[in-house]
Amino acid sequence: MIALVWVLTWATPSVGVSAPDAPETDVVEGDVTQAAATHYAFAVKALEQERFADAINHLEAALAISPRPLVRYNLGQAYAAAGQPLKAYRTLTEYLAEDANQISPERAEFVRTLIRAQERKLAALRIVGLPTEATLKLDGTTTPATDEVWLLPGRHALSVTTPSGAIDMDLELAAGERRTLQLASGLAPAPEMGVLVPQCAVPGVTLVVDGTALGTTPMAPKATLAGSRLVKWKREGYHSSASVASVVADSAVTVSCELKPDPLSPSRNARLHLVNATPDTVVLIDGRRYKAEALAVGPHTVTVTRPGYVAWRNQLNVGRAEQKRVSVTLQPSAEILVERERQAEAQEFWSLVVGASGLGVTASAVGLFLNNQARYERWSTAQRDLDVRALAQKPSDHAEFARSQESNNRLGNVIGTVDQVTVGLGALGISALVVGAVLYLNADDWDSADYTLQADQTSASASWKTYW
């Protein structure tokens, strides 16, 4: 394994070959748009939490807005960490090619090491022996015949077309394999071919063309003979549909499935239920709003949406006598996160204002208390003297004693009033401090919506909870 180094000083735990430190000054800001900078910041946070899928989504969005080499560098590493070697190889190769004069020798060597690690997980294919006018397609994609093409290990469809002939074959390539394919000349005349582009929101539907099954949805475009083709769509739990597609040579035609549920099918005995969902939460099954109707056993595309959140989409396979549990988290959208950050900053500001005010009021209460304590000492001393005089006073001293006692009583009343004010100020100051602390500690709490989907042959349920 190779230790990955992310810009902004975040890195995965190092194993094997270590990488040079990335400079802290490489930050996306200033010369890029705010939207790109926002996506990049969210990506960095996701990388710190090793949520590579979320990081890839934000880095791809940032790269689409502002194609900086730094974003491509981190995206290539994210692909590698997420187990996508082909995308990692292509992205890092582009990074080296685009920014060759700006990359430090240490980083360039690290990127080359990472690229070599991806090559060991891929297969390479080179086609030779073709005339210049030949067209080569791998998995339906036109590819230069003289270039070395990097592919994921596994089975691949190869198609070669020349003015004098055509050939189709399947290749099985292993990880780390480099194969050179020598093709002979004198190919059979190429028939006129067109392309069928299947469109179907329901997964697991079989596409049958002229009696031959071409695969199940979702599926890539399929090459087929030009002319009128009989197209059928089949899946258990649905009424089959059929249509005729007119395929034109060297052109693509879209064929859409219009399957209707068969309510009488014995396979339609599964249901989904959302428990405690908010009213604005929407569940789509195969592109249609789900209304608690029975579902066919098999795969379904489940989409959960809520305003202000990024939609969650995945396939849920409802099997016979099989129970599944799928955890779903709706992440706030980039716009909502920006608004939440703005609110958090405002809340943090006001928490400091309230806390500072509470501290000031509490300090005032302490000052009053100390001052009143000194006043109480004077009152207590005077009252003791008056008590002694009361025992020894003469009739001629009665008027002066009364005046002294009245003056000390007024002082005692002032002490009592100040005590009440001190207690009130102290309670107010402490309350303000507590409120300020609570506001400050909760200033960075952003909400996310969590579900747990359960599905089996007879029922399915989902539990909902929100964290603030």
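Read on for an overview of the structure. Here the structure is a predicted model, which is why all the values come from computation and not from measurement.

**Section: the overall build of the chain**
Summing up its helical and strand segments, the chain has seven helices and 26 strands in all. Sorting the 468 residues of the chain into buried and exposed places 39% on the buried side. In the chain, the share of contacts with a sequence separation of at least 24, taken over all contacts with a separation of at least 6, comes to 56%. Summed over all atoms, the accessible surface of the chain reaches about 26,100 Å², with 55% contributed by carbon and sulfur.

**A closer look at the sheet that holds strand 10 (residues 212-216)**
Read across the open sheet, the four strands follow the order 10-9-12-14; overall the sheet is antiparallel. Of all strands in the sheet, those with a lone pairing partner are strand 10 and strand 14 (241-247), marking the two edges. With strand direction ignored, the average angle separating the axes of adjacent strands in the sheet is 25°. Summarising the sheet, strand 12 (residues 227-234) and strand 14 pair through seven bridges and their orientation is antiparallel.

**Focus on the nonpolar core**
With 33 residues, the main nonpolar core has Leu59 and Val111 as its most contacted residues. Elements represented by at least two residues in this core include exactly helix 1 (34-48), helix 2 (52-65), helix 3 (69-81), helix 4 (85-98) and helix 5 (105-119). If you tally residues by element for this core, the top one is helix 3, at seven residues. Among the nonpolar cores identified, the runner-up in size contains 17 residues, and Val202, Leu207, Tyr238 and Val247 belong to it.

**A short note on the pairing of strand 19 (residues 282-285)**
Note that strand 19 and strand 22 (residues 298-305) share four bridges and pair antiparallel. Looking at strand 22, one finds that isoleucine 285 is bridged to valine 302. Judged from the two bridges that link them, strand 19 and strand 20 (residues 288-289) form a sheet pairing that is antiparallel. Bridged to isoleucine 285 within strand 20 is arginine 288.

**What about the pattern of salt bridges?**
Applying the stated rule across the entire model yields eleven salt bridges. Between arginine 112 and glutamate 109 there is a salt bridge, with the nearest N and O atoms lying 3.8 Å from each other. Of this pair, arginine 112 and glutamate 109 both sit in helix 5, three residues apart, which is roughly one turn of that helix. Look at arginine 112 and you get partly exposed, because its relative accessible area is 39%. On the accessibility criterion, glutamate 109 (38% relative accessible area) is partly exposed. Within the structure, one salt-bridge network assembled from shared partners comprises Arg72, Glu94 and Glu98.

**So, the packing of helix 3 against helix 5**
Close contact between helix 3 and helix 5 brings their axes to 11 Å; oriented N to C, the two are set at 30°. Comparing their axes, helix 5 and helix 3 come out roughly parallel. Relative to helix 5, helix 3 is oriented so that their crossing is left-handed. For the pair formed by helix 3 and helix 5, the contact residues are Tyr73, Gln77 and Ala80 on the first element and Arg107, Phe110, Val111, Leu114 and Gln118 on the second. Of the residues belonging to the contact of helix 3 with helix 5, the class tally is five nonpolar, two polar and one charged.

**So, helix 4**
Compared with an ideal rise of 1.5 Å per residue, which puts 14 residues at 20 Å, helix 4 spans 20 Å between its outermost C-alpha atoms and is within 8% of the ideal. Considered for burial, the residues of helix 4 that qualify are Pro85, Leu86, Ala88, Tyr89, Thr91, Leu92, Tyr95 and Leu96. The inward-facing, buried residues of helix 4 abut helix 3, helix 5 and strand 4 (148-151).

**Here we look at the packing of helix 4 against helix 5**
Two elements in contact, helix 4 and helix 5, have axes whose closest approach is 9 Å; the angle formed by their N-to-C orientations is 150°. In terms of their interaxial angle, helix 4 and helix 5 are classed as roughly antiparallel. Here helix 4 runs over helix 5; the crossing is left-handed. Contacts from Pro85, Ala88, Tyr89, Leu92, Thr93, Tyr95 and Leu96 in helix 4 reach Arg107, Ala108, Val111, Arg112, Leu114, Ile115, Gln118 and Glu119 in helix 5.

**Brief notes about the sheet that holds strand 23 (residues 312-318)**
Two pairing modes exist for strands in a sheet, parallel and antiparallel, and in both the strands are linked by backbone hydrogen bonds. Strand order in this open sheet of four strands is 20-19-22-23, and the pairing throughout is antiparallel. Where the open sheet ends on each side, the last strands, each with one partner, are strand 20 and strand 23.

**A short note on a nonpolar patch on the surface**
A contiguous nonpolar patch, built from Phe349, Trp350 and Val353 and spanning about 310 Å² of accessible area, is present on the exposed surface. For phenylalanine 349, a relative accessible area of 49% gives the class partly exposed.

**Some remarks on the side chain of threonine 362**
Within the secondary structure, threonine 362 sits in helix 6 (residues 334-392). At a separation of 2.7 Å, a polar atom in the side chain of threonine 362 contacts the main-chain carbonyl oxygen of glycine 358. Residues contacting threonine 362, with those up to four places away along its chain left out, are Gly429, Ile430 and Leu433.

**Let's talk about the state of the cysteines**
Counted according to the given criterion, the structure contains one disulfide. The disulfide bridge from cysteine 200 ends at cysteine 257, spanning 2.0 Å between sulfur atoms. Taking the torsion about the S-S bond as the criterion, the cysteine 200 to cysteine 257 disulfide, at about 80°, is right-handed. With cysteine 200 in the loop between strand 8 (193-199) and strand 9 (206-209) and cysteine 257 in the loop between strand 15 (252-256) and strand 16 (260-261), the pair connects residues that are 57 residues apart, well separated along the chain. Like cysteine 200, the residue cysteine 257 is buried in the burial classification.

Calculation rules
- Residues numbered from 1 in each chain as written.
- Predicted model: local features only at pLDDT ≥ 70, side-chain atom pairs only at ≥ 80, totals over all residues.
- Heavy atoms only, no water.
- Helix = DSSP H or I, 4+ residues; strand = E, 2+ residues; numbered from the N terminus.
- Buried < 20%, exposed > 50% of the residue type's maximum accessible area, 1.4 Å probe, protein only.
- Contact = heavy atoms within 4.5 Å.
- Areas by Shrake-Rupley, 256 points an atom, 1.4 Å probe, with all protein chains shown as cover.
- Pairing = 2+ DSSP bridges.
- Axes fitted to C-alpha atoms, helices over the stretch in contact; angles between N-to-C directions.
- Core = buried A, V, L, I, M, F, W, Y, C linked by side-chain atoms within 4.5 Å.
- Salt bridge = Lys/Arg side-chain N within 4 Å of Asp/Glu carboxyl O.
- Parallel < 35°, antiparallel > 145°, perpendicular 65-115°, else oblique.
- Left-handed = near helix turned anticlockwise from the far one by under 90°.
- Nonpolar A, V, L, I, M, F, W, Y, C, P; charged D, E, K, R; others polar.
- Expected span 1.5 Å × (residues − 1).
- Patch = residues over 30% accessible without salt bridge, like charges linked within 9 Å, V, L, I, M, F, W, Y side chains within 5 Å.
- Polar contact = N/O pair within 3.5 Å; in protein donor to acceptor, adjacent residues only side chain to side chain.
- Disulfide = S-S within 2.5 Å.

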